[in-house]
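Below are the chains, spelled out letter by letter.
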Amino acid sequence: MAQDGSAYEARPRRRGRKLLIGLVVLLLLLIGLLVIADRVAAGVAEREIGKRVSQEIAKQNAQSAEPQVDVGGFPFLTQVLDGRYERISIQLTDVQAPVEGATVSLPVLDVDARDVRASLDTLRTGQGDVVADTVNGTGTISYDSLAALLDRPGLKLGEQGGKLAVTAPVDILGQKLTVSGTADVTVGKNGAVALRFNNLDAAGLPNLPLARTLLNNYAKGISIDVPLPDLPFQLAVREVRPLPEGLAVTADAKNVPINSAS
């Protein structure tokens, strides 16, 4: 009889363990479904933001590949209910933007928006602004497009020892020479790139004051403020820096409606 009593006691314990395991499995499935739903919702938002950014880029007569958007922070759905988002990152590639009849190429433009505010009603109706407290942008301008803005035949730009380097063919006193040297690069007025070529030389330059004067005049002719196209999201250029792959540009803005890139 004692053995029969023990068997009866073991059966409820086994049933209890099975019930507990079943609840744990169910809980894990629910969590998994919530995570999937959260990521699906984030994906929908990312695609919608990408479409709006493409529309605004087109309004500036610029072009780019399809924007890559990432809505940071987890979970996404709680951010939707709160109306605030930690971070929205947007990457634009192959950007072609017009400036003074020429085209400036930016192979990559990365935009990082922080503390973004968007009400649930704004997301639902598409009406109203999606505003970021701060927006930071980093991009690279190709040297070929920058050289085209200087409008000097044969001129080539690059990076040398952290400075902007130049080579160009010139004709000085009837001799065809190659000018080379470096420039100081800073941010000029209205976000233009200020180029100052103060260290140019040319192999075979005649040892004559007039030859040196002509070379200095050439340096002055390409020491100009090169305008940049309007950047999206009201970004203002703060720093420019020569890199091997191009001229790096750093920009920022505050209180920016990111669903209106102009």
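This text gives an overview of the structure that appears in the document.

Parameters and conventions
- Residues numbered from 1 in each chain as written.
- Predicted model: local features only at pLDDT ≥ 70, side-chain atom pairs only at ≥ 80, totals over all residues.
- Heavy atoms only, no water.
- Pairing = 2+ DSSP bridges.
- Helix = DSSP H or I, 4+ residues; strand = E, 2+ residues; numbered from the N terminus.
- Axes fitted to C-alpha atoms, helices over the stretch in contact; angles between N-to-C directions.
- Buried < 20%, exposed > 50% of the residue type's maximum accessible area, 1.4 Å probe, protein only.
- Contact = heavy atoms within 4.5 Å.
- Core = buried A, V, L, I, M, F, W, Y, C linked by side-chain atoms within 4.5 Å.

### A word on the pairing of strand β11 (residues 246-257)
Logical step 1: One ladder, built from 10 bridges, connects strand β4 (residues 131-141) with β11; its direction is antiparallel. Bridge pairing links Thr134 to Lys254 in β11.
Logical step 2: Sheet topology places strand β10 (residues 236-243) next to β11; 7 bridges connect them, and they run antiparallel. In the sheet register, Val237 faces β11, and the bridge partner there is Ala251.

### A few points about the sheet that holds β4
Logical step 1: Read from one edge of the open sheet, 6 strands run β1-β2-β3-β4-β11-β10, paired in antiparallel fashion. The sheet terminates laterally at β1 (68-71) and β10, the two strands that pair on one side only. For this sheet, the mean angle separating the axes of adjacent strands, direction not counted, is 15°.
Logical step 2: Pairing between strand β3 (residues 102-117) and β4: 8 bridges, direction antiparallel. Its bridge partner being in β4, Leu109 is matched across the sheet by Gly139.

### Some details on unusual backbone geometry
Logical step 1: One non-glycine residue, Leu173, lies in the positive phi region at around 55°.
Logical step 2: For Leu173, a relative accessible area of 40% corresponds to the partly exposed category.
Logical step 3: In this model, Asn255 sits at a positive phi of 50°, which is unusual for a non-glycine residue.
Logical step 4: Note that Asn255 resides in strand β11.
Logical step 5: Residue class for Asn255 comes out exposed when judged on its relative accessible area of 52%.

### Concerning the sheet that holds strand β8 (residues 193-202)
Logical step 1: Strand order across the open sheet formed by 5 strands is β5-β6-β7-β8-β9, with antiparallel pairing between neighbours. Looking at the sheet topology across the chains shown, the edges are occupied by β5 (156-160) and β9 (225-226).
Logical step 2: Judged from the 9 bridges that link them, strand β7 (residues 175-187) and β8 form a sheet pairing that is antiparallel. Within the sheet, the bridge partner assigned to Thr182 lies in β8 and is Asn199.
Logical step 3: On the sheet, helix α4 (residues 143-150) packs against β5, β6 (163-172), β8 and β9 and is oriented at approximately 130° with respect to β5.
Logical step 4: Strand contacts of helix α5 (residues 209-221): β6, β7 and β8, with the helix running at about 160° to β8, the strand carrying the most contacts.

### Regarding the nonpolar core
Logical step 1: Counting residues in hydrophobic clusters, the biggest one holds 64 residues, and the most contacted among them are Ile90, Leu155, Leu157 and Phe197.
Logical step 2: A per-element tally of this core places strand β2 (residues 84-99) first, with 7 residues.
Logical step 3: With sequence-adjacent residues up to four places away left out, Phe197 is seen in contact with Leu157, Leu164, Val166, Thr182, Ala183, Ala219, Ile222 and Ser223.

### Structural notes on the environment of Val80
Logical step 1: Positionally, Val80 belongs in helix α2 (residues 76-82).
Logical step 2: Considered as a pair, Val80 and Ala118 are 38 residues apart in the sequence and their alpha carbons are 7.9 Å apart.

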